[in-house]
Amino acid sequence: MKLGIVGLPNVGKSTLFNSLTKAGAESANYPFCTIDPNVGIVAVPDERLNKLAALYDSEKITPAVIEFVDIAGLVKGASKGEGLGNQFLANIREVDAIVHVVRCFEDTNIIHVDGNINPVRDIETINFELIFSDIEILDRRLSKVVRGARNDKALAKEQELLERIKEHLEEGKLAKSFEVNDDEELELLKSYNLLTYKPVIFAANVKEDDLPDDGASNENVSKVREYAAKEGFEVFVVCAQIEQEISELDDDEKAMFLEDLGIKESGLDKLIKASYSLLGLISYLTAGKQETRAWTITKGTKAPGAAGKIHSDFERGFIKAEVVNYQDLLDCGSYTAAKEKGLVGMEGKDYVVKDGDVILFRFNV
């Protein structure tokens, strides 16, 4: 999974990136300190892995990972070359979802690029820049399609679709809300890789005092939540500064620190939950003496597709999957005991993998 972190300058974007990845991206109180995109790989915390590894005496634990791409702060007019212009765009066209950091805190020591705090205005500033960039992509495609549309029905149909999407964007609407007429149009829309078609997770960046009630008493957070609900996006509340402190602690210290703050989970934990929910992802597990590992798949994936995540040979030569629920396996104390109790299922090609399934694939190539 790959997530692109965007936002206006000085909203806490690079501070959040630093804390999530410990990658040390430069953070300073002036715009454009992040000029080249910073990339960090983060392990997805999953307590099931340690318990499974203990059960199997595994030599190695491999968690699922998320790749974060931190993009330079955008300003109004970026699509026309203001600030850093379009330098950031190619880097986030390939991400699965966009994490949009929105400033919901007041601090006279940290300059806001527009002079005052207004989260909805800030969100719309970024959206318009993404819209303008998408229109540019559509115009490029249109210039190619128009030439052949007179003699090609498929291209003529695509031209009509491109013009409809462009009109939709020019009304200030996101590509995500564009309504297609059929599956063919949907596939074409997806193929354009438009930024405003990507799912969005808003990171409402607050001060420490707003964490215990998850931003419920923060008027700016409420505005972000209202906006997100309208668009069908996710929101999580975070204090980037606190996240940076948490990132320096080991697991035990982190648990005590969170308890002292009156919160149950870190911003990274919240972000992972939000991104898995938004993208419809789950994890299944494999375990053995050599390695215990988590594999991320889309909800609804059948056993052969899940096997293909490990290796294409597993999918090609799929015979069956031996499946046991993680908690059942743990409760039984061993795979053999779970099998004796009839808790290990022998599943075929139509089995839909569930979150927390521990699977042993049988295949023949």
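Procedures and definitions
Residues numbered from 1 in each chain as written. Predicted model: local features only at pLDDT ≥ 70, side-chain atom pairs only at ≥ 80, totals over all residues. Heavy atoms only, no water. Axes fitted to C-alpha atoms, helices over the stretch in contact; angles between N-to-C directions. Helix = DSSP H or I, 4+ residues; strand = E, 2+ residues; numbered from the N terminus. Parallel < 35°, antiparallel > 145°, perpendicular 65-115°, else oblique. Left-handed = near helix turned anticlockwise from the far one by under 90°. Contact = heavy atoms within 4.5 Å. Nonpolar A, V, L, I, M, F, W, Y, C, P; charged D, E, K, R; others polar. Buried < 20%, exposed > 50% of the residue type's maximum accessible area, 1.4 Å probe, protein only. Salt bridge = Lys/Arg side-chain N within 4 Å of Asp/Glu carboxyl O. Core = buried A, V, L, I, M, F, W, Y, C linked by side-chain atoms within 4.5 Å. Expected span 1.5 Å × (residues − 1). Polar contact = N/O pair within 3.5 Å; in protein donor to acceptor, adjacent residues only side chain to side chain.

Chemist: Quick rundown of the packing of helix H4 (residues 119-149) against helix H5 (residues 153-170)? Include the residues and the values.
Modeler: As a packed pair, H4 and H5 sit with axes 9 Å apart at the nearest point and diverge in direction by 160°. One way to sum up the angle between H4 and H5 is to call them roughly antiparallel. For the pair H4 and H5, the crossing hand works out as left-handed. Two secondary-structure elements touch here, H4 through Ile 131, Asp 134, Ile 135, Leu 138, Asp 139, Arg 141, Leu 142, Val 145, Val 146, Gly 148 and Ala 149 and H5 through Leu 155, Ala 156, Glu 158, Gln 159, Leu 162, Glu 163, Ile 165, Lys 166, Leu 169 and Glu 170. Of the residues belonging to the contact of H4 with H5, the class tally is 12 nonpolar, 2 polar and 7 charged.

Chemist: Before we move on, can you summarise unusual backbone geometry with the specific residues and values?
Modeler: Backbone geometry places Asn 10, a non-glycine residue, at a positive phi of 60°. Residue position: Asn 10 is located in the loop between strand S1 (2-6) and helix H1 (13-21). Of the residues examined, Asn 10 reaches a relative accessible area of 15% and is grouped as buried. The phi torsion at Asp 57 lies on the positive side, around 55°, for a residue other than glycine. The topology assignment puts Asp 57 in the loop between helix H2 (47-56) and strand S3 (60-62).

Chemist: Describe the pattern of salt bridges, and please don't skip the residues or the numbers.
Modeler: Inspection of the entire model under this criterion finds 27 salt bridges. The residue Glu 184 makes a salt bridge to Lys 157 at a minimum N-O spacing of 3.4 Å. Residue Glu 184 is found in helix H6 (residues 183-191), and its partner Lys 157 is found in helix H5; the two are separated by 27 residues along the sequence. Overall, the relative accessible area of 33% leaves Lys 157 in the partly exposed class. For Arg 164, the salt bridge is made with Glu 185, and the minimal N-O distance between the two is 2.9 Å. Here Arg 164 is found in helix H5, whereas its partner Glu 185 is found in helix H6, with 21 residues between them in sequence.

Chemist: An account of the nonpolar core is needed here, citing residue identities and associated values.
Modeler: Formed by 84 residues in total, the largest nonpolar core has its most connected members in Phe 68, Ile 92, Ile 165, Leu 194, Phe 202 and Leu 271. At 8 residues, the largest contribution of residues to this core is made by H4. Residues contacting Phe 68, with those up to four places away along its chain left out, are Leu 3, Ile 5, Phe 17, Leu 20, Thr 21, Asn 38, Val 39, Gly 40, Val 42, Leu 268 and Leu 271. Of all hydrophobic cores here, the second largest spans 15 residues; its members include Tyr 284, Ala 307, Tyr 351 and Phe 361.

Chemist: Before we move on, can you summarise H5 with the specific residues and values?
Modeler: Relative to the 26 Å expected for 18 residues at 1.5 Å per residue, H5 spans 26 Å between its end C-alpha atoms, a close match to the ideal helical length. Structurally, H5 contributes buried residues whose contacts are with H4 and H6. Put simply, Asp 152 is the residue that caps the front of H5, since its side-chain oxygen is 2.9 Å from the backbone nitrogen of Ala 154.

Chemist: I'd like to hear about the environment of Glu 226, residue by residue, with values.
Modeler: Tracing the backbone through its elements, the reader meets Glu 226 in helix H7 (residues 219-231). Glu 226 gets classed as exposed once you look at its relative accessible area, which sits at 57%. Along the backbone, Glu 226 and Val 120 are 106 residues apart, and their C-alpha atoms lie at a distance of 9.6 Å.

Chemist: Any chance you could break down the packing of H5 against H6 for me, citing the residues and the numbers?
Modeler: In the contact formed by H5 and H6, the axes pass within 11 Å of each other and the chain directions differ by 65°. The two elements H5 and H6 cross, and the hand of that crossing is right-handed. Across from Lys 157, Glu 158, Glu 160, Leu 161, Arg 164 and Ile 165 in H5, the residues of H6 making contact are Glu 184, Glu 185, Leu 188 and Leu 189. Considering only residue class, the contact of H5 with H6 consists of 4 nonpolar, no polar and 6 charged.

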